[in-house]
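# Summary of the model geometry
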Amino acid sequence: MIKIFRNIRRRDWALFAGAVALIVFQVFLDLRLPDYMTDITKLIETPGSELHEVLKAGGKMLACALGSLLSAGVTAVIAAKIAADFSAATRKKLYDAVQSFSMAEIHHFSTSSLITRMTNDVNQVQLLITMGMVAIVKAPIMAVWAITKIAGKNAEWTMATGVAVVLLFVIIGIVLWLCVPRFRRIQSLTDDVNRVTREDLTGLKVIRAYNNTDYQTDKFERVNDNLTNNNLYTGHRMALMMPGIQAVLNGLTLAIYALGAVMINNAAMTDKITLFSNMVVFSSYAMQVIMAFMLLVMIYMIYPRASVAAQRILEVTDTQPSVVSGIRTEGAPGQRGEIAFRHVNFRYPDESRDVIHDIDFTAHRGETIALIGATGCGKSTIVNLIPRFYDTTGGQVLVDGVDVRDYAESALNDKIGYVAQSPELFQGTIGTNIAFGETKAGTPNDAAVRQAAQTAEAASFIAENEKGYERYVAQSGANLSGGQRQRVSIARAVARDPEILIFDDAFSALDYKTDRQVRENLRTACADATKIIVAQRIGTIRDADRILVIKDGAIAGSGTHQELMANCEEYQQIALSQLSKEELA
Ligand SMILES: Nc1ncnc2c1ncn2[C@@H]1O[C@H](COP(=O)(O)OP(=O)(O)OP(=O)(O)O)[C@@H](O)[C@H]1O
């Protein structure tokens, strides 16, 4: 827990020191109140006392109360500021950590859990700082100070206060024993609610089309009920605690007054008023002692959840990304657009077997290399190793003669234009989406954006809309068709003018005519770039310089369309399943 407080900014520690001074001042003022009360009682007891003397003592009491109020207000403002700064810094740290993660870490934590950790978990720790900071500092100071004030005053009353404190601890102990394990579960149960909600929202169309709203609703209700029941359990027990504490408080006042009544009754006439005044003063100090312990209770209520939240945050920020950036900014001299796989194997984290085996091929500058094979055979996995979404578990991937692991992340990314299987667009405009890729030369300019849109056959549909490149794109490109999204994402890759273009099944939503046209455009506009094309359609890849046939994660055949038709059975099967013999001839 303490480790997470390193995220408190240095200048906020200075504020914290100021808050501690204010809290000490506040406790001092609070504990002066009973002293002035003693003065007033003494003045009333003393014959001949003047009213203005009583008013003067009363005025001091009022000033102390107002001073204490003001200090408490300023302290609360400082605590809120420190907590808000802490949250901002922690969220930034989490964001940076997530940005540095490879797909392996993202899958390990899961997207929904990462979102809960960045929002809800940070809020829990923020709450602890806002409410707990004052309590943690104030409670011990107040308890010790108040105890020294009452110590040695009266054995019976001190004993009653001691019993009340012990009772308080017993009540709090029992409630916390029951609740802490449940507090610990709240965060993971919140993860579950987020996960199901996210799945519901992203799959809304499918859920409705399959009349499966009830199934998903059941799923949601289950996780929602788990969280609700957990909250109810802790809520009910915590609710019992407050009346318990109240009873102890009232019981203590009653005990002090009952003991006082007996003492006053047995005392000589002259001592009765002094004893009465002592009793009133003692009971106010005793209340301060109890209040100090109640402040600690508040921390106990927030601490377990905040502690779990802090652990979850630290799990993310302490995780070292499995893909670590190298330092090379350039490839081997004279090399450009060269990709070489050297006996590459790969196994996904937590899986028991390799999904690709001994992949070995070289792609030269300007070549088009295609990967084809049955679904799930490992095509995407192979191309994902080039931009280092994952690192190989055996062998080497070289770009321009240098192992991809040796490149600085941005230098490697600069060389690559990647088009994913499901095109991911961002909220903005068509123009901002195509110009999305930063390169060494900066953001692609308007001319590059327009040229890329031409190459990707996107220019015509962009021109159809009156806003053109300023047309609004919703989150994930939800207001564009599948084919339009694919064309914008192809244009985005082309606009970077990269050495290497990777198309992971990126033509699947295009009609045959557009598919052919885009490939022709790429051949001329990106003649220098090495193109790696993953595809399911023979038509998309038959003109490639080399086609790799992938079967069960290994290369089952390699050559041109003609060569493979002549000597690769797997390729022939795929080809004949899609095209007639005449078309293939
Ligand atoms: N993140 C992952 N964790 C574990 N296994 C995975 C992961 N992603 C993919 N796989 C598995 O790896 C194998 C290869 O998947 P990959 O996506 O590379 O196939 P593909 O040939 O591109 O398929 P498709 O043509 O259907 O897109 C599959 O068996 C798949 O289940």
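Just so you know, these numbers come straight off a predicted model, no measurement behind them.

We now examine the overall build of the chain. A tally of regular secondary structure across the chain gives 19 helices and 12 strands. Taken over the C-alpha trace, the chain has a radius of gyration of 36 Å; the compact-globule value for 585 residues is 25 Å, which it surpasses by more than 25%. With respect to the principal axes defined by its C-alpha atoms, the chain has extents near 125 × 45 × 45 Å. Residues classed as buried in the chain amount to 47% of the 585 residues present. Expressed as a percentage of contacts within the chain between residues at least 6 apart in sequence, the contacts between residues at least 24 apart total 76%. Summed over its atoms, the accessible surface of the chain is roughly 29,400 Å², and 58% of this surface lies on carbon and sulfur atoms. Of the charged side chains in the chain, 58 are positive and 60 negative; the average position of the first set lies 5 Å away from that of the second.

When the UniProt feature table is mapped to this numbering, "domain: ABC transmembrane type-1" (unreviewed entry) covers residues 17-305. This span, residues 17-305, is 94% helix and 0% strand, and a straight line between its end C-alpha atoms measures 26 Å.

Here the focus is the site of the ligand. Near the ligand there are 15 residues, and of these Thr 375, Lys 379, Ser 380, Thr 381 and Gln 421 occur at the shortest range. Separating an oxygen atom of the ligand from a backbone N or O atom of Cys 377 is a distance of 3.1 Å. At 2.4 Å from an oxygen atom of the ligand is found a side-chain nitrogen or oxygen belonging to Thr 381. Contact with the protein chains covers 67% of the free accessible surface of the ligand, which is 640 Å². Looking at the shell around the ligand element by element, the count peaks at three residues for helix 9 (residues 379-384). Here the shell around the ligand is built from residues that sort into five nonpolar, eight polar and two charged.

This model, assessed by the stated rule, comprises 12 aromatic pairs. Aromatic pair Phe 341 and Phe 361: ring centres 4.8 Å apart, planes at 15 degrees, arrangement stacked. With Phe 341 in strand 1 (residues 339-346) and Phe 361 in strand 2 (residues 356-363), this residue pair connects regions lying 20 residues apart in the sequence. For the pair shown, Phe 341 and Phe 361 are each scored as buried. Taken together, the aromatic side chains of Phe 346, Tyr 348 and Tyr 390 make up a single cluster linked through ring pairs.

Next up on the list: the sheet that holds strand 10 (residues 530-534). What holds strands together in a sheet is hydrogen bonding between their backbones, with the strands either parallel or antiparallel. Spatially, the six strands line up as an open sheet ordered 6-9-10-3-11-12, and their pairing is mixed. Taken across any chain shown, the strands that pair with only one partner, and hence form the sheet edges, are strand 6 (416-419) and strand 12 (554-559). When the angles between neighbouring strand axes are averaged without regard to direction, this sheet yields 15 degrees. Alignment of strand 3 (residues 368-373) against strand 11 (residues 546-551), held across five bridges, turns out to be parallel. Among the inter-strand pairings, Ala 370 is bridged to a residue of strand 11, identified as Ile 547.

This next bit is on the side chain of Thr 381. With respect to the helices, strands and loops of the structure, Thr 381 is situated in helix 9. Taking the relative accessible area as the measure of exposure, Thr 381 reaches 9% and is therefore buried. Residues contacting Thr 381, with those up to four places away along its chain left out, are Phe 346, Tyr 348, Val 355 and Ile 356.

Judged by pairing direction, the sheet is antiparallel, and its four strands sit side by side in the order 2-1-4-5 without closing on themselves. Each having just a single partner strand, strand 2 and strand 5 (402-403) make up the two edges of the open sheet.

For the rest of this paragraph, the subject is unusual backbone geometry. Look at Arg 388: it is not a glycine, yet its phi comes out positive at around 60 degrees. As for its placement among the helices and strands, Arg 388 is situated in the loop between helix 9 and strand 4 (394-399). Its relative accessible area of 9% is what places Arg 388 among the buried residues. A positive phi angle, near 55 degrees, is found at Glu 457, a position not held by glycine. As for its position among the elements, Glu 457 is in the loop between helix 12 (446-455) and helix 13 (459-464).

Under the UniProt annotation, "transmembrane region" (unreviewed entry) lies at residues 12-29, 60-84, 127-147, 159-180, 247-265 and 285-303. Secondary structure within residues 127-147 divides into 100% helix and 0% strand; the distance between the first and last C-alpha atoms comes to 29 Å. For residues 159-180, the end-to-end C-alpha separation is 31 Å, with 100% helix and 0% strand making up the annotated structure.

Moving on to the domain arrangement of the chain. The assigned domain composition of the chain is domain 1 (2-317) and domain 2 (339-584). A separation of 57 Å is found between the C-alpha centroids of domain 1 and domain 2.

Right, let's get into the pattern of salt bridges. Across all of its chains, the model carries 24 salt bridges by this definition. Between Arg 347 and Asp 354 there is a salt bridge, with its nearest N and O atoms 2.9 Å apart. Among the ionic pairs, Asp 543 bridges to Arg 523, the shortest N-O distance being 4.0 Å. Of the two residues, Asp 543 is situated in the loop between helix 16 (538-541) and strand 11 and Arg 523 in helix 15 (residues 512-525); the sequence distance between them amounts to 20 residues. Residue Arg 523 is classed as partly exposed on the basis of its relative accessible area of 45%.

Basis of the calculations
Residues numbered from 1 in each chain as written. Predicted model: local features only at pLDDT ≥ 70, side-chain atom pairs only at ≥ 80, totals over all residues. Heavy atoms only, no water. Helix = DSSP H or I, 4+ residues; strand = E, 2+ residues; numbered from the N terminus. Rg over C-alpha atoms; globule rule 2.2 N^0.38 Å. Buried < 20%, exposed > 50% of the residue type's maximum accessible area, 1.4 Å probe, protein only. Contact = heavy atoms within 4.5 Å. Areas by Shrake-Rupley, 256 points an atom, 1.4 Å probe, with all protein chains shown as cover. Lys, Arg positive; Asp, Glu negative; His and termini not counted. Charge placed at Lys NZ, Arg CZ, Asp CG, Glu CD. UniProt positions renumbered as here; feature names shortened; annotations may be inferred. Near = heavy atom within 4 Å. Polar contact = N/O pair within 3.5 Å; in protein donor to acceptor, adjacent residues only side chain to side chain. Nonpolar A, V, L, I, M, F, W, Y, C, P; charged D, E, K, R; others polar. Phe/Tyr/Trp six-rings, centres within 6.5 Å; stacked < 30°, edge-to-face > 60°. Pairing = 2+ DSSP bridges. Axes fitted to C-alpha atoms, helices over the stretch in contact; angles between N-to-C directions. Domains from an automatic or database assignment. Salt bridge = Lys/Arg side-chain N within 4 Å of Asp/Glu carboxyl O.

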